[in-house]
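So the chains spell out like this:
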Amino acid sequence: VDTHYEIAYPPKSEREDGHFRKIEVKLARTGLRVETRSGYFAVPDTGVHPLTPEEMAGLRALDTQPRPHAFDFLSRVYRFRDSGGKGQYAIAFEMPISNLMATPQAAAHQRRLHASLLALVKNADGEIVDRASKDVPSEVSDDRWETVRRDLMTYQRAVNLPPGRYTVETAVVDHEGNRASTGVVQIENRPEGGIGLSDLTLVRRIEDLPAPLAPADPFEYSNKRVLPLVTTRLLPGAKPFVYFMIYPEPASAARMVLRVRLLKDGRPVTTLRPEVPAPDASGGIPLIVTLPAKPGTYEVRATVTQGNRTTERTLTFTLAGS
């Protein structure tokens, strides 16, 4: 290279909406050659790592019209506490591993899988305010494949948002299959005063934490981690557990009373009145409630009262028959 030029310019649009912006450089004279990338994704610096190739694959899927849907996956947003003028939410992904292409590696007697998950949080103006992602490459031995393929791939990430309307755009890319699927979730974040109660979530399982507790993760408590079940359709024989957080009103010394009602097909089945323990170091009270259930459609209503303040959350799920 005899002469090298670097050119900088301000883009006409300052909207950081995650879309791809094409770049074309034309030469005004002959005898020269230009090399430049074809464009860039308009993504702001949100304080996380720079864009990875796997995240760019998710951005390409979200920038495609019509958006791809090569396989099924679930994404959901759970509301937790209000603090410092912001609402805490947890973005959750869930997908059967059997939806991914598993490339056989005969010599190694294993199969190769590679999925990446991306969530873009956009404000009412369509600009990105946060993003979450996870890259999951893995190799599974042939003798374990039938067991692994029946499991779920999950991912959760907490975000804190000021009051307002938000859209969460999600994408899962199957790199081995060269295909992708996308989804959209809406958030209406309104300030809530008084005693707080998170959304109710079904529990897939509870694991011991291998690392120190992450205070910013609402699914972690007392050296335990809750893996939520995003789907609300339970398999036959499943035992329903519900996880939620209570956030007492700091200025009130009144005793908290919790009531959990279970209805089947619109009719009351039982009412539970669990004891409410003291708040943990985060100021919240994590609770897991075991529900008696036979096949059918259920509604869970959790109501917590402190003094003259009452808050209620509901969850509907279906338990399939044998």
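Structure first, text after, so check above.
Note that the structure is predicted; figures quoted are calculated from it, not measured.

Topic: the overall build of the protein chain
In terms of regular secondary structure, the protein chain is built from two helices and 21 strands. Taking the principal axes of the C-alpha coordinates as reference, the protein chain spans close to 80 × 55 × 40 Å. Put simply, the protein chain has 322 residues, and 42% of those count as buried. Counting only carbon and sulfur atoms, one obtains 50% of the accessible surface of the protein chain, whose full area is about 18400 Å². Here the protein chain contributes 42 positively and 39 negatively charged side chains, and the mean placements of these two sets differ by 6 Å.

Thoughts on unusual backbone geometry
Here Q65 and P66 are connected by a cis peptide whose omega angle stands at -5 degrees. The phi dihedral of N223 falls on the positive side, at around 60 degrees, and the residue is not glycine. Tracing the backbone shows N223 in the loop between β13 (220-221) and β14 (224-229).

Description of the nonpolar core
In this structure, I91, F93 and V168 are the most contacted members of the largest nonpolar core, which totals 28 residues. Within the residue set of this core, elements represented by two or more residues are β4 (86-96), β6 (110-122), β7 (128-141), α2 (142-148), β8 (152-161), β9 (164-174) and β10 (179-189). If you tally residues by element for this core, the top one is β6, at five residues. When near neighbours in sequence (up to four residues on either side) are disregarded, V168 contacts V77, I91, A119, L120, V121, G183, V184, V185 and I187. The next biggest cluster of nonpolar side chains, apart from the first, holds 25 residues, and it includes L197, V260, V276 and L287.

Remarks on the pattern of salt bridges
In this structure the tally under the stated criterion is 22 salt bridges. Across the pair D17 and R15 runs a salt bridge, and its minimum N-O distance is 3.8 Å. Look at R15 and you get partly exposed, because its relative accessible area is 36%. With a shortest N-O distance of 2.4 Å, D208 and K224 are connected by a salt bridge. Of this pair, D208 sits in strand β12 (residues 201-208) while K224 is found in strand β14, placing the two residues 16 residues apart along the sequence.

Digging into the side chain of R79
Tracing the chain through its elements places R79 in strand β3 (residues 74-83). Side-chain polar atoms of R79 contact the side chain of D82, separated by 2.6 Å. Those residues in contact with R79 that lie beyond four places of it in its chain are Q88, Y89, E188, N189, R190, P191, E192, S198 and D199.

Looking at the sheet that holds β3
Read from one edge to the other, the open sheet built from three strands follows the order β3-β4-β8, with strand pairing classed as antiparallel. One side of each edge strand has no neighbouring strand; the edge strands of this open sheet are β3 and β8. Taking the axes of each pair of neighbouring strands and ignoring which way they run, one obtains an average angle of 20 degrees across the sheet.

Some points on the sheet that holds strand β21 (residues 309-319)
The strand order across the open sheet formed by five strands is β15-β21-β20-β17-β18, and the pairing between neighbours is mixed. Across the chains shown, the open sheet's two edge strands, defined by having one partner strand only, are β15 (233-234) and β18 (267-272). Examined bridge by bridge, strand β17 (residues 256-264) and β18 share five bridges and lie antiparallel to one another. When the sheet's bridge partners are listed, L262 is paired in β18 with T270.

Points about the environment of D63
Tracing the sequence through the fold places D63 in the loop between α1 (53-62) and β3. With a relative accessible area of 26%, D63 lands in the partly exposed category. For the pair D63 and L202, spaced 139 residues apart in sequence, the C-alpha to C-alpha distance is 32 Å. For D63, the contacting residues outside a window of four places in its chain are H19 and F20.

Here is what the cut-offs are and how they apply
- Numbers given for residues are sequential positions, taken from 1 along each chain in its written order.
- Whole-chain, interface and lining totals are the exception, using all residues; otherwise, since this is a predicted model, local features are given only for residues with pLDDT of at least 70 and side-chain atom pairs are given and counted only at 80 or more.
- Excluding hydrogens and water, the side-chain values take into account all heavy atoms of the structure.
- Only DSSP runs of H or I covering at least 4 residues are called helices, and only runs of E covering at least 2 are called strands; the numbering of each starts at the N terminus.
- Exposure classes here rest on a 1.4 Å probe applied to the protein chains alone. A residue is buried below 20% of its type maximum, exposed above 50%, and partly exposed in between.
- The method behind every accessible area is Shrake-Rupley, applied with a 1.4 Å probe, and residues are considered shielded solely by the protein chains displayed.
- Counting rule for charge: Lys and Arg are taken as positive, Asp and Glu as negative, and neither His nor the chain ends is counted.
- Where a charge lies is defined by one atom per residue type, namely NZ (Lys), CZ (Arg), CG (Asp) and CD (Glu).
- In plain words, nonpolar cores are sets of buried Ala, Val, Leu, Ile, Met, Phe, Trp, Tyr and Cys residues tied together by side-chain atoms within 4.5 Å.
- Two residues form a contact once any of their heavy atoms are found within 4.5 Å.
- Salt bridge, as used here: a side-chain nitrogen of Lys or Arg that lies within 4 Å of a carboxyl oxygen of Asp or Glu.
- We define a polar contact as two N or O atoms separated by no more than 3.5 Å, with the added condition that, inside protein, one atom must be a possible hydrogen donor and the other a possible acceptor, whereas residues neighbouring each other in sequence contribute only through side-chain atom pairs.
- Only strands that DSSP links by at least two bridges are regarded as paired with each other.
- Interaxial angle, 0 to 180 degrees, is taken between N-to-C directions of lines fitted to C-alpha atoms, where a helix line uses only the stretch in contact.

Any functional reading would require information that these geometric values do not contain.
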